[in-house]
Amino acid sequence: MEGYLRVRASCPHCAEPLGHIRADDGPAYFTMLISGHVVVPLVLMAEQRWHPPMVPLMVVSVAGMSLLIWRLLPRVKGAMLGLIWALRLKGDEIQGDINRHG
Ligand SMILES: [Zn+2]
């Protein structure tokens, strides 16, 4: 990556072209899936144990969810781009040439 989410045109180490790989909204989907499965059980557990007032609970949980999404999204995108690359998909939902990576 260069910056937060922009994919480099090529790998700085081996010059493998990367800029053509498209993950579309997959990283956002998986980031929400993961962070929701972390934050929602914590909110439910806090509600059952301590019965906190609604507004502070919502403020803390939204802040925690935002922090988690901010930290996870580039990593999930990198993992998804790596998977797309490893499976030799071209980003157009058609199986790529099996010999593309040599
Ligand atoms: Zn490389």
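Keep in mind it's a predicted model, so treat the numbers as computed, not measured.

**Q** I'd love a proper account of helix α2 (residues 54–86), names of residues and values included.
**A** Between the first and last C-alpha of α2 there are 45 Å, a value that for 33 residues agrees with the 48 Å anticipated at 1.5 Å per step. At L72, α2 is bent by approximately 35 degrees, the largest bend along its length, and proline P74 sits one to four residues beyond. Along α2, the residues classified as buried are L57, S61, L72, L73, P74, V76, K77, L81 and I84. Elements in contact with the buried residues of α2: α1 (26–50). Trailing α2 by a residue or two, R88 shows a phi angle of about 60 degrees, which is positive.

**Q** Residues and numbers for α1, please.
**A** With 25 residues, α1 should cover 36 Å at 1.5 Å per step; its first-to-last C-alpha distance of 36 Å lies within 8% of that length. Every buried residue belonging to α1 is among G26, P27, T31, S35, G36, V39 and A46, and all of these are buried. Against α2 lie the buried residues of α1.

**Q** Tell me about the layout of surface pockets, residues and numbers included.
**A** There is about 170 Å³ of room inside the largest pocket. In this structure, the largest pocket is lined by M1, V7, R8, L18, I21, G78, L81, G82 and W85. Residues of the lining of the largest pocket, tallied by class, amount to six nonpolar, two polar and one charged.

Criteria and cut-off values
- Residues numbered from 1 in each chain as written.
- Predicted model: local features only at pLDDT ≥ 70, side-chain atom pairs only at ≥ 80, totals over all residues.
- Heavy atoms only, no water.
- Helix = DSSP H or I, 4+ residues; strand = E, 2+ residues; numbered from the N terminus.
- Expected span 1.5 Å × (residues − 1).
- Bend = angle between axes of the 7 residues up to and from the residue.
- Buried < 20%, exposed > 50% of the residue type's maximum accessible area, 1.4 Å probe, protein only.
- Contact = heavy atoms within 4.5 Å.
- 1 Å grid on protein atoms, 1.4 Å probe; cavity = no way out; pocket = protein on both sides within 12 Å on 5 of 7 lines; lining within 4 Å.
- Points joined across faces, edges and corners; volume = space filled by probe spheres on them.
- Nonpolar A, V, L, I, M, F, W, Y, C, P; charged D, E, K, R; others polar.

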